[in-house]
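Coordinate analysis (summary)
Spelled out, the chains give:
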Amino acid sequence: MSLLEIKDLHAKVEGNEILKGLNLTVNAGEVHAIMGPNGSGKSTLASVIAGNDNFEVTSGDILYNGNSILDLEPEERAREGVFLAFQYPLEIPGVSNANFMKQAVNEIREHRKLDNLSAGEFLKLMKERAAFVELDKSFLSRAVNEGFSGGEKKRNEIFQMAMLEPKLCIMDETDSGLDIDALRIVSNGVNKLRNKDNAFVVITHYQRLLNYIIPDFVHVLSGGKIIKSGGKELAHELEEKGYDWLKDVQN
Amino acid sequence: MSDEMELLEEVTSNEYKYGFVTNIEQEFAPKGLSEDIVRFISAKKKEPQFMLEWRLRAYRYWLTMKEPHSWAKLNYPPIDYQDQYYYAAPVQKVKPKSLSEVDPELLDTFKKLGISVEEQKRLTGVESNIAVDVVIDSVSVGTTFRETLSELGIIFCSMSDAIESYPELVEKYIGSVVPYTDNYFAALNSAVFSDGSFCYIPKGVRCPMELSTYFRINAAMTGQFERTLIIADEDSYVSYLEGCTAPMRDENQLHGAVVEIIAHKNAEVKYSTVQNWYPGNKEGKGGVYNFVTKRALCEGDYSKVSWTQVETGSAITWKYPSCVLKGDNSIGEFYSVAVTNNFQQADTGSKMMHIGKNTRSKIISKGISAGQSNNSYRGLVKINKKATNSRNFSQCDSLLIGNKCGAHTFPYIEVDNSTGIVEHEATTSKVSEDILFYCRQRGMSEDNAVALIINGFAKEVMDQMPMEFAIEARKLLEISLEGSVG
């Protein structure tokens with residue numbers, strides 16, 4: 001059974017159909033890159049999988065571990081192991097990263113029928129995972145994303161991913177706005193988290209990120225559908241030729 | 001979208017936890033207000049002549065005044081002052097000497113309210129050490145730790161006891177910060193107040209425990225008018241807490257308190273309130289009308305007074321804890337979180353009057369509005385001609401939950417000395433769906449996400465609360481806003 005199976009998915013936002021029959025299968029242990037021109041529906045796909053109710057699924061299905069998740073609330077999907085690294089992480093004034101994570105970790109652990117971590121265990125885990133993305137411990141007491149640089153916000157997303165140990169990790173343009181050093185740090189963090197039980201769907205505009213996070217599959221999303229799939233070499237080809245030639249192929 | 005609207009309508013499903021009524025035998029003064037009632041209250045309390053005369057002057061002055069209906073952003077029908085009881089007291093056969101002699105039914109009430117009236121031994125180390133004065137309806141029913149405190153020369157007792165035992169202190173200070181001519185409700189309070197707490201900290205004494213008054217309205221159709229007087233003599237320190245609850249009743253109940261604080265040279269007073277009077281039901285029926293005058297006089301040089309308030313209850317809140325900074329280098333602070341939900345209305349803020357040189361003040365106000373409520377900050381910062389090198393910093397932040405509520409800010413600034421520096425910052429934000437989605441994507445339920453966000457928003461004020469109160473206040477915030485997001 002696949003970890004994620006998207007079948008003929010149609011979705012719209014504010015009356016406009018954005019996804020028009022998208023199919024995608026992701027197995028545990030795999031990394032899938034999704035590339036495509038602006039406005040092709042990449043971020044919509046991420047939002048729909050996470051359950052953002054600004055988007056309406058009109059037909060098709062999303063199966064996670066074989067079960068449809070369309071009726072689940074965003075928090076239920078998260079507790080089942082779906083994680084979205086946001087393209088624009090939000091700021092929450094006055095709420096420390098430590099408190100934010102404690103709330104999230106406890107609710108997820110409760111769902112998984114695990115006991116709450118003790119304060120000591122929790123702090124230890126936080127420090128260990130913060131080191132994955134080279135965030136020092138002073139960041140734990142700062143308010144969530146408040147006054148963070150673009151790079152810090154993205155590192156924080158990967159830190160949260162590391163804390164919550166999801167099964168399906170969707171990264172929505174995590175590389176946008178990152179300089180080379182931050183890109184390397186973020187990618188290293190992700191690579192440390194990869195294992196045979198989880199999978200990554202990496203949405204990006206640029207091939208550059210895929211030099212660090214090596215994908216097993218590359219898909220081109222255009223006009224609300226996946227129009228071409230291939231191995232990691234497809235990304236190089238796209239970098240060279242752009243997307244237009246694919247539209248011609250399609251037509 | 002329609003789901004969201006439905007949920008928004010649903011708002012708090014949470015019942016007010018303190019809405020029970022205690023069945024105790026009570027005695028009342030006849031309904032209505034007249035000179036006879038004022039005399040009745042004074043006689044009931046066996047007051048000295050000066051108190052009766054002061055009350056009567058206040059009453060006669062009140063008769064010449066009009067209820068302030070025009071300037072506050074509050075909407076309520078005129079109050080019928082004749083349709084209220086002005087005195088209600090639990091019947092106690094003999095005056096209890098200690099709390100162990102108090103009616104067990106009453107003691108049970110405190111238990112339900114979660115107030116510890118037993119004098120816990122310090123050694124147990126589990127229960128916090130707080131001295132409590134408990135006021136039910138019109139009278140104080142007991143004060144704990146009186147003996148421990150009196151060894152340090154600290155007087156902590158009910159106002160009635162103070163009038164009886166320390167009339168010279170009362171006569172000297174009562175009305176010295178809030179004269180009965182101050183405003184309509186202060187005049188009414190001066191005429192009919194029936195009890196409250198009194199506290200005197202002598203020179204050089206640092207009060208070793210939190211002092212606290214717990215106010216409870218129990219009787220129906222009864223106004224509660226208590227009066228608190230705190231005097232901090234030179235080089236002294238005290239931290240004072242006030243809590244309040246009332247039963248759920250369909251009619252509106254009137255509460256008109258006055259708090260006066262006097263801080264002498266180098267003295268520091270921290271006054272914290274958790275106000276949780278019954279707010280009325282979801283349709284806006286019932287609830288307490290809370291018209292309160294709180295003012296501190298920083299009389300001495302280098303004195304300091306901090307007001308901290310968490311206001312979650314009452315149908316109407318009208319309250320502006322203020323500081324008169326008379327002493328040179330004196331400091332006034334005001335930290336407030338005001339929450340309104342359903343049909344609640346709050347018009348609250350602070351006044352900082354800079355008179356002495358180098359005086360400083362700070363106002364941090366956080367308003368949270370949900371449901372169809374209205375929440376207003378109203379404040380005045382005045383720097384007098386002689387207040388050279390004075391400074392004020394004000395910050396007023398509003399947080400909106402849903403799209404049917406309102407947040408308003410009315411700051412008034414008057415500066416008559418060119419060396420004064422006044423800063424005012426204000427923000428308005430909304431608990432947006434984007435932030436909620438972000439939290440939920442991390443596995444949090446919507447209610448827990450809202451609780452986290454509002455606690456973050458209110459943190460700067462909550463950090464000022466004494467530990468024992470902070471926890472209670474945080475829970476209260478969460479409960480009063482539970483289910484308020486769709």
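Residues numbered from 1 in each chain as written. Chains lettered and ligands numbered in written order. Predicted model: local features only at pLDDT ≥ 70, side-chain atom pairs only at ≥ 80, totals over all residues. Heavy atoms only, no water.

1. A look at the pattern of salt bridges
Within this structure, the stated rule accounts for 28 salt bridges over all chains. Note that E35(B) is salt-bridged to R60(B), the shortest N-O span being 3.1 Å. Placement of the pair is E35(B) in helix α2 (residues 35–44) and R60(B) in helix α3 (residues 49–63), with a sequence separation of 25 residues. The exposure class of E35(B) is partly exposed, given its relative accessible area of 27%. Taken together, the shared-partner salt bridges in this structure form one network comprising E73(A), E75(A), R440(B) and E446(B). (Salt bridge = Lys/Arg side-chain N within 4 Å of Asp/Glu carboxyl O. Helix = DSSP H or I, 4+ residues; strand = E, 2+ residues; numbered from the N terminus. Buried < 20%, exposed > 50% of the residue type's maximum accessible area, 1.4 Å probe, protein only.)

2. A closer look at helix α3 (residues 97–111) of chain A
Residues and elements named next belong to chain A. Compared with an ideal rise of 1.5 Å per residue, which puts 15 residues at 21 Å, α3 spans 21 Å between its outermost C-alpha atoms and is within 8% of the ideal. Those residues of α3 that fall on the buried side of the exposure criterion are N97, F100, M101, A104, V105, N106, E107 and I108. A positive phi of about 60° marks K113, the residue just after α3. (Expected span 1.5 Å × (residues − 1).)

3. Focus: the confidence of the model for chain B
Residues at a pLDDT of 70 or more form 79% of chain B, whose mean pLDDT is 83. Low pLDDT (under 50) marks residues 1–14 of chain B, which in the prediction has 29 contacts with non-local residues, meaning those over four places away or in another chain. (pLDDT = per-residue confidence, 0-100. Contact = heavy atoms within 4.5 Å.)

4. Remarks on the nonpolar core
Among the nonpolar cores identified, the biggest contains 116 residues, and F100(A) and F159(A) are the most heavily contacted of them. Of all the elements, helix α10 (residues 446–462) of chain B adds the most residues to this core, at nine residues. Not counting residues within four places of it along the chain, the set of residues in contact with F100(A) comprises I92(A), V95(A), V144(A), Q160(A), Y438(B), C439(B), R442(B), M444(B) and L452(B). If you look at the next biggest cluster of nonpolar residues, it comprises 55 residues, including W62(B), Y76(B), I231(B) and I262(B). (Core = buried A, V, L, I, M, F, W, Y, C linked by side-chain atoms within 4.5 Å.)

5. Details of the sheet that holds strand β11 (residues 217–222) of chain A
All names here are of chain A. The strand order across the open sheet built from six strands is β6-β9-β10-β3-β11-β12, with neighbouring strands paired in mixed fashion. Where the open sheet ends on each side, the last strands, each with one partner, are β6 (82–85) and β12 (225–230). Across the sheet, the mean angle separating the axes of adjacent strands is 20° when strand polarity is ignored. Two strands pair when backbone bridges link them, and strand β9 (residues 168–172) and strand β10 (residues 199–203) are joined in this way by five bridges, in the parallel orientation. Bridging across to β10, M171 finds its partner in V202. (Pairing = 2+ DSSP bridges. Axes fitted to C-alpha atoms, helices over the stretch in contact; angles between N-to-C directions.)

6. Here's the deal with the interface of chain A and chain B
The interface is formed by 33 residues belonging to chain A together with 19 residues belonging to chain B. Of the roughly 2100 Å² buried between chain A and chain B on both sides combined, carbon and sulfur atoms contribute 61%. On inspection of chain A and its partner chain B, the count reaches three salt bridges. Our count for the contact surface shared by chain A and chain B stands at 13 residue pairs in polar contact (both at pLDDT 80 or more). Taken together, the elements giving at least two residues each to the side of chain A that touches chain B come down to α2 (74–80), β6, β7 (92–96), α3 and α5 (150–164) of chain A. (Buried area = accessible area lost by both parts, 1.4 Å probe. Polar contact = N/O pair within 3.5 Å; in protein donor to acceptor, adjacent residues only side chain to side chain.)

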